[in-house]
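Chain by chain, the residues run as shown.
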Amino acid sequence: MSDSKSNDKSSKKKKNGKEKEPDITFYHPDLLEVPEDGSPPYLKGYKCKKCGQLDFPKLSPCPNCWGEEFEMVPLSRKGTVYSVTDIMVPAPGMKPPYVIAYVDLPENLRILAQLEGEVGSFKCNEEVELTVGPIRLNDDGLPIMSYKFKKAS
Ligand SMILES: [Zn+2]
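J.: In this structure, what is going on with the pattern of salt bridges? I would like to understand it.
T.: Between side chains of opposite charge, a pair can form when the charged atoms approach closely. Under the defined criterion, the tally for this structure stands at five salt bridges. With a shortest N-O distance of 2.6 Å, R110 and D104 are connected by a salt bridge. According to the relative accessible area criterion, R110 is partly exposed, its value standing at 42%. One salt bridge connects E116 with K148, and the closest N-O pair in it is separated by 3.6 Å. Residue E116 is located in strand β7 (residues 109-116), and its partner K148 is located in strand β9 (residues 143-151); the two are separated by 32 residues in the primary sequence.

Below, the structure written as structure tokens:
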């Protein structure tokens, strides 16, 4: 990759319209609730009011019945690791190594998330719980916070 002029920061800054939003790609307040009263964070599932299908993240319309009305349902904070991968390759704003996993929740949902903890220390079927932490750095080197899972206590 060459560092051409069109790639540098100054040209990135002129935002014409809404097309460029790379920094918030992984940060979804509509997916994660961190209660202000200090109670534990939870992920937001969306249940179709017509057929009852539960999805995370929200899919609209409902892929099952085309329904467009949903009810927010707090999801379980604990799940089990379905598969786990240690990432050794850097990506923009992400310093390897870090851990990515699919986590199965009791609601029959499979969630892709980063795991917080040592590389190589997670196993399939291991119990993990939701936490909030930095998932990557934005262009200014500041952490972007979002949901992660860690070993269940
Ligand atoms: Zn539905």
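Having seen the structure, we can now continue with the description.
J.: Honestly, unusual backbone geometry in this entry has me stumped. Any pointers?
T.: Residues other than glycine predominantly adopt negative phi, and peptide bonds predominantly adopt the trans conformation. Cis peptide bonds are those with omega within 30 degrees of zero, and the linkage from F56 to P57 qualifies with -5°. Its location among the elements puts P57 in the loop between β3 (54-55) and β4 (70-74). Cis geometry marks the peptide bond from S60 to P61, where omega comes out at 5°. Here W66, not a glycine, exhibits a phi torsion of approximately 70°, which is positive. Along the chain, the position of W66 falls in the loop between β3 and β4. Judged by relative accessible area, which is 67%, W66 ranks as exposed. Positive phi is not limited to glycine here, since N125 has a value of about 70°. Take N125: it is sitting in the loop between β7 and β8 (127-137). Overall, the relative accessible area of 64% leaves N125 in the exposed class.

J.: What exactly am I supposed to notice about the nonpolar core here?
T.: Nonpolar side chains in soluble globular proteins tend to end up buried together. Core analysis: the largest hydrophobic core is formed by 19 residues, its most contacted members being L43, F56, I111, L115, Y147 and F149. Those residues in contact with I111 that lie beyond four places of it in its chain are L43, F56, L75, A101, Y102, V103, L105, Y147 and F149. In this structure, Y46, C48, C62 and F70 belong to the second largest nonpolar core, which totals five residues.

The rules behind the values
- Residues numbered from 1 in each chain as written.
- Predicted model: local features only at pLDDT ≥ 70, side-chain atom pairs only at ≥ 80, totals over all residues.
- Heavy atoms only, no water.
- Salt bridge = Lys/Arg side-chain N within 4 Å of Asp/Glu carboxyl O.
- Buried < 20%, exposed > 50% of the residue type's maximum accessible area, 1.4 Å probe, protein only.
- Helix = DSSP H or I, 4+ residues; strand = E, 2+ residues; numbered from the N terminus.
- Core = buried A, V, L, I, M, F, W, Y, C linked by side-chain atoms within 4.5 Å.
- Contact = heavy atoms within 4.5 Å.

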